[in-house]
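Listed below are the residues making up each chain.
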Amino acid sequence: MILVKLKGLIVMSKKTIRDIDLKGKKVLVRCDFNVPIDKKTGEITDDRRIVEALPTIKYLLDQKCKVILCSHLGRPKGEANPEYSLAPVAKRISELLGQEVPMSKDVIGENAQEMSSDLKEGQVMLLENVRFHREETDNDPEFAKKLADMAEIYVNDAFGTAHRAHASTAGVAEYLPAVSGFLIEKELKFLGDSLDNPKRPYVAILGGAKVSDKISVIESLLEKVDTLIIGGAMSYTFLKAQGYEVGDSLCEPDKCNLALELIKKAKEKGVNLILPIDNVVGKDNEVDENGKLMSEYKTVPATQMPEGWKGFDIGEKTMELLKHELKSAKTVIWNGPLGMFEIDEFAKGTNTIAEALGKIEATTIIGGGDSAAAIEKAGLADKMTHISTGGGASLEFLEGKKLPGIECLMDKEKCCSREDDDGDR
Ligand code: ADP
Ligand code: MG
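Small disclaimer: the values here were computed from a predicted structure and weren't measured.

Q: Help me get a handle on the overall build of the chain, residues and values and all.
A: Summing up its helical and strand segments, the chain has 15 helices and 17 strands in all. Of all 425 residues assigned to the chain, the portion counted as buried reaches 53%. A sequence separation of at least 24 residues applies to 74% of the contacts in the chain between residues at least 6 apart. For the chain, the centre of its 58 positive side-chain charges and the centre of its 71 negative side-chain charges are spaced 3 Å apart.

Structure representation (structure tokens):
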């Protein structure tokens, strides 16, 4: 059972695969197999999302289910395109499961129908990329029904697309009993607990490129956290708002007023808002064929970013300040790299903070695709409590929005406020 929590109330609980009888049933499972694939070699470069789907698939196989997996991959814009075929994924799941996982040539066509109707208990198949049909993202009811017709039960385990109301993520639940898999259950537990019941001090670190991407999450976290750290290019809008020069850094001048409001709100709420006190600035971010930065860079105080330079990372003094702040933290949620971590010369801030998080005795939760990639790149993934598989979905969840891929699942029971729940029953 999953508890979907909103503003401190337990609104309702959603059924999971543990809550229904699945024995021998034909089950359609929506996974998030949207993995990075090297265009040249066709190899999957990070299979974390596939690995994370295995517990649900194995459980269904233990229940002797006939398992039909489906997912999207990339943005093929509603047309069949071999570049976005899920074939490499079928191969990788077969290897990981130690069992052949054939893939149909189409999604709802003859081949898919035939293969799914021939499935035996304990067998798994994969449908081709659901986004080969525009009807998927349009959440077309007929398309959803055709997907549903292949199975008896729908399991959603694709947290990464749970914030989208698409045919395979939500629409199909109109036609089949719908429950969540273990991955969605785990995501909601970690993200939900951090919102609802965090151990304190509770620190949020927000970085990334744009303030505009993360306004609502900043607003909602200001209601919850003790300390809010802002880094990445986002911080330059806050610096500019306070009247400092930011040179040629990425900045959103039209968001300066908003930044001032957020600073004011932090004060009112007693939240310790931390902005960089120094920054690494560069002339440019062009790299040579070995990935080495081609132009000069240096560290300057945040109040003195020189004209003609761009901020690309937090400086050493800021790193020290943040490390000190994190030492006593008991819950940390991190979304968005603190610099342009894709370039080694500008990855130090992000890596230093990732290392610091790996050392503290706290619940550490990472949300956001680029942040997760940065942690993987630094080899620190297994030091974190939870790395969310959903970038946009985890942000929307933290903003307090309802996720269509969760909302569409069957309710376990209508339930009550926390006060009622605390009663000694
Ligand atoms: P996430 O995917 O974790 O939510 P975002 O997509 O919001 O993170 O932001 C990640 C991007 O922000 C990265 O591509 C990174 O290069 C960029 N970024 C971070 N700091 C800077 C900076 N100072 N200047 C330019 N880009 C930056
Ligand atoms: Mg991103």
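Q: Report on the site of ligand 1, specifying residues and quantitative values.
A: Taken together, 19 residues lie around ligand 1, and Lys 214, Gly 311, Glu 342, Asp 370 and Ser 371 are the ones closest in. Between an oxygen atom of ligand 1 and a side-chain N or O atom of Lys 214, the distance comes to 2.7 Å. Here a nitrogen atom of ligand 1 sits 3.5 Å away from a polar atom, N or O, in the main chain of Gly 339. Against a free-state accessible area of 590 Å², the protein chains account for coverage of 84% of ligand 1. Mapped by element, the contributors of at least two residues to the shell around ligand 1 are strand 13 (310-314) and helix 12 (369-377). With three residues, helix 12 is the largest single contributor of residues to the shell around ligand 1.

Q: Hey, could you go over the sheet that holds strand 14 (residues 331-335) for me, with residue numbers and the actual values?
A: Pairing is parallel across the open sheet formed by six strands, whose spatial order is 10-9-8-14-15-16. The open sheet is flanked by strand 10 (272-274) and strand 16 (386-387), the only strands paired with a single partner. Where strand 8 (residues 202-206) lies against strand 9 (residues 227-230), four bridges are found, and the strand directions are parallel. Its bridge partner being in strand 9, Leu 206 is matched across the sheet by Ile 230.

Q: Go over the nonpolar core with me, naming the residues and quoting the values.
A: In this structure, Phe 159, Ile 218, Leu 228 and Phe 238 are the most contacted members of the largest nonpolar core, which totals 37 residues. Secondary structure elements with two or more residues in this core: helix 6 (182-196), strand 8, helix 7 (211-222), strand 9, helix 8 (234-241), helix 9 (256-269) and helix 13 (391-398). Those residues within four positions of Phe 238 in sequence are excluded, and the remaining contacts are Val 211, Ile 218, Ile 230, Ala 259, Leu 262, Ile 263 and Leu 275. Of all hydrophobic cores here, the second largest spans 31 residues; its members include Leu 22, Ala 53, Leu 126 and Ile 153.

Q: Give a description of the pattern of salt bridges that names residues and reports values.
A: Oppositely charged side chains may form a pair once their charged atoms are brought near each other. One pass over the structure, following the stated rule, counts 23 salt bridges. Measuring nitrogen to oxygen at the nearest pair gives 3.5 Å for the salt bridge that ties Arg 48 to Glu 52. Pair noted here: Arg 48 and Glu 52 are both in helix 1 (residues 48-62), with a separation of four residues, about one helical turn. Using a relative accessible area of 17% as the deciding quantity, one classes Arg 48 as buried.

Q: So what about the pairing of strand 9? Which residues, and what values?
A: Covered by surrounding structure in strand 9 are Thr 227 and Ile 229 together with Leu 228 and Ile 230, the residues of both alternating faces. Taking the sense of rotation as the criterion, the β-α-β connection linking strand 8, helix 7 and strand 9 turns out right-handed.

Q: Tell me about helix 6, and name the residues and values.
A: Under the 1.5 Å per step criterion, the end-to-end length of helix 6 is 20 Å for 15 residues, consistent within 8% with the ideal 21 Å. Helix 6 sits mainly inside the fold: 11 of its 15 residues count as buried. Along helix 6, the residues classified as buried are Phe 182, Leu 183, Ile 184, Glu 185, Glu 187, Leu 188, Leu 191, Gly 192, Ser 194, Leu 195 and Asp 196.

Q: Can you explain the confidence of the model for the chain? Please cite residues and give values.
A: Interpretation of the predicted coordinates at a detailed level should be avoided for regions scoring low in pLDDT. Looking at the chain as a whole, the pLDDT averages 92, with 94% of positions reaching at least 70. Below a pLDDT of 50 lies the segment residues 6-12, which in the model reaches 22 contacts outside its immediate sequence neighbourhood of four places, other chains included. Overall, residues 415-425 carries pLDDT values under 50, and its contacts beyond four positions in sequence, including any with other chains, amount to 10 contacts.

Q: With reference to specific residues and values, describe the packing of helix 1 against helix 2 (residues 87-97).
A: Interhelical geometry of helix 1 versus helix 2 gives an angle of 60° and a closest axis separation of 11 Å. Crossing of helix 1 against helix 2: the hand is right-handed. Each of Ile 50, Val 51, Leu 54, Ile 57, Lys 58 and Leu 61 in helix 1 lies in contact with helix 2, whose residues at this interface are Val 89, Arg 92, Ile 93, Leu 96 and Leu 97. Looking at the contact of helix 1 with helix 2 residue by residue, the class counts come to nine nonpolar, no polar and two charged.

Q: Quick one: what's the story with the side chain of Asn 129, residue by residue and with numbers?
A: Along the chain, Asn 129 falls in the loop between strand 5 (124-126) and helix 4 (134-137). The exposure class of Asn 129 is buried, given its relative accessible area of 0%. At a separation of 2.9 Å, a polar atom in the side chain of Asn 129 contacts the main-chain amide nitrogen of Arg 131. Among all residues touching Asn 129, those that are not within four sequence positions of it are Ser 71, His 72, Leu 73, Pro 76, Tyr 84, Leu 86 and Val 107.

Rules behind the numbers
- Residues numbered from 1 in each chain as written.
- Chains lettered and ligands numbered in written order.
- Predicted model: local features only at pLDDT ≥ 70, side-chain atom pairs only at ≥ 80, totals over all residues.
- Heavy atoms only, no water.
- Helix = DSSP H or I, 4+ residues; strand = E, 2+ residues; numbered from the N terminus.
- Buried < 20%, exposed > 50% of the residue type's maximum accessible area, 1.4 Å probe, protein only.
- Contact = heavy atoms within 4.5 Å.
- Lys, Arg positive; Asp, Glu negative; His and termini not counted.
- Charge placed at Lys NZ, Arg CZ, Asp CG, Glu CD.
- Near = heavy atom within 4 Å.
- Polar contact = N/O pair within 3.5 Å; in protein donor to acceptor, adjacent residues only side chain to side chain.
- Areas by Shrake-Rupley, 256 points an atom, 1.4 Å probe, with all protein chains shown as cover.
- Pairing = 2+ DSSP bridges.
- Core = buried A, V, L, I, M, F, W, Y, C linked by side-chain atoms within 4.5 Å.
- Salt bridge = Lys/Arg side-chain N within 4 Å of Asp/Glu carboxyl O.
- Right-handed = clockwise from strand over helix to strand, strands pointing away.
- Expected span 1.5 Å × (residues − 1).
- pLDDT = per-residue confidence, 0-100.
- Axes fitted to C-alpha atoms, helices over the stretch in contact; angles between N-to-C directions.
- Left-handed = near helix turned anticlockwise from the far one by under 90°.
- Nonpolar A, V, L, I, M, F, W, Y, C, P; charged D, E, K, R; others polar.

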